[in-house]
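# Residue-level structural notes
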Amino acid sequence: MGRRHLRKATTAWVALAMLTAAPAAGQEAHGDSNDDHFHANHVAVMAGGMTPLAETSETSFALGADIERRFNPTWGFGIGIDFTFGDHKRAAVVGTGVTYRPIPDLKLGTGPGFEVVETDTSSGGTKKKLYFIWGFIFGYDFHVGSLSIGPLVFLDFVGETKTNITYGISVGTGF
């Protein structure tokens with residue numbers, strides 16, 4: 001994807017995010033009284049692994065964090081970051097997206113982001129590359145008191161040729 005297309009896609013996504021977030025600002029902080037686990041905001045951390053599906057399939061350790069603004073019990077908007085650490089490669093992913101909850105504990109989402117990959121070179125230095133990504137998220141929350149704990153899976157299409165799967169356990173809380 002060229003820089004011009006990347007700029008247009010990013011501009012369109014930011015405009016959509018601003019338009020959809022504005023009406024939510026005036027909404028009530030808590031959802032229906034029937035949904036005990038709904039909060040307008042949710043923060044979480046994740047630990048797990050990341051595996052590229054086409055390359056060496058070498059799994060790297062992954063850590064992440066996200067915050068989600070929930071417009072209502074069904075729709076939300078989130079921003080997240082995760083870091084992966086491998087033997088000779090490190091990466092940081094920053095992404096944003098829309099989340100959809102067909103049932104209160106099941107989270108599905110999609111959105112754009114960027115991945116910065118830093119690799120060690122044979123001369124002892126490092127080389128960095130920036131990639132545009134489009135990702136999908138699948139998660140399920142089990143509630144233990146005020147905490148939500150559950151599996152989380154990201155499927156990221158990186159650039160035009162790579163696909164990564166990141167998976168782990170997420171622990172979060174609403175407020």
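Residues numbered from 1 in each chain as written. Predicted model: local features only at pLDDT ≥ 70, side-chain atom pairs only at ≥ 80, totals over all residues. Heavy atoms only, no water.

## Considerations on the packing of aromatic side chains
Taken as a whole and judged by the stated rule, the model has 5 aromatic pairs. When the ring centre of Y131 is taken as reference, the NZ or CZ atom of K162 above it lies at 5.1 Å. (Phe/Tyr/Trp six-rings, centres within 6.5 Å; stacked < 30°, edge-to-face > 60°. Lys NZ or Arg CZ within 6 Å of the ring centre and 35° of its normal.)

## Digging into the side chain of D66
With respect to the secondary-structure elements, D66 resides in strand β2 (residues 60-70). Despite being buried, D66 has no salt bridge partner; K107 is the closest side chain of opposite charge, sitting 4.4 Å away. Setting aside anything within four residues of it in sequence, one finds D66 in contact with H42, V43, A44, I79, G80 and K107. (Helix = DSSP H or I, 4+ residues; strand = E, 2+ residues; numbered from the N terminus. Buried < 20%, exposed > 50% of the residue type's maximum accessible area, 1.4 Å probe, protein only. Lys, Arg positive; Asp, Glu negative; His and termini not counted. Salt bridge = Lys/Arg side-chain N within 4 Å of Asp/Glu carboxyl O. Contact = heavy atoms within 4.5 Å.)

## Topic: the confidence of the model for the protein chain
Of all residues in the protein chain, 77% have pLDDT values of 70 or greater, and the mean over the chain is 83. For residues 16-34, every residue scores under 50 in pLDDT, and the model assigns this stretch 14 contacts once sequence neighbours within four places are set aside. (pLDDT = per-residue confidence, 0-100.)

## Digging into a nonpolar patch on the surface
There is a patch of nonpolar side chains on the surface, built from V45, V144, L147, I149, I169 and V171 and spanning about 460 Å² of accessible area. For the nonpolar patch, the secondary structure elements donating two or more residues are β8 (147-158) and β9 (162-174). Its location among the elements puts I149 in strand β8. On the accessibility criterion, I149 (31% relative accessible area) is partly exposed. (Patch = residues over 30% accessible without salt bridge, like charges linked within 9 Å, V, L, I, M, F, W, Y side chains within 5 Å. Areas by Shrake-Rupley, 256 points an atom, 1.4 Å probe, with all protein chains shown as cover.)

## Considerations on the environment of G109
Positionally, G109 belongs in strand β5 (residues 106-120). In contact with G109, other than residues within four places in its own chain, are V98, T99, G135, F136 and I137.

## With respect to the environment of T126
Mapped onto the elements of the fold, T126 is located in strand β6 (residues 126-140). Measuring from C-alpha to C-alpha, the distance between T126 and K89 comes to 9.2 Å, with 37 residues separating the pair along the chain. Apart from residues no more than four positions distant in its own chain, T126 is found in contact with R90, E118, T119, D120 and T121.

## Re the pairing of β2
Of the two faces of β2, the one holding S60, A62, G64, D66, E68 and R70 is buried and the one holding F61, L63, A65, I67 and R69 is not buried anywhere. Where strand β1 (residues 41-52) meets β2, 10 bridges bridge the pair, whose relative direction is antiparallel. Counted as the bridge partner of V45 is A65 from β2. Of the strand pairs in this sheet, β2 and strand β3 (residues 75-85) are connected by 10 bridges, and their pairing is antiparallel. Looking at β3, one finds that R70 is bridged to G76. Linking β2 back to β3 in an antiparallel pair, the connection comprises 4 residues. (Pairing = 2+ DSSP bridges.)

## Here's the deal with the environment of V116
Here V116 shows up in strand β5. Non-local contacts of V116, meaning those with residues more than four positions away in its chain, are made with R90, A91, A92, K129 and L130.

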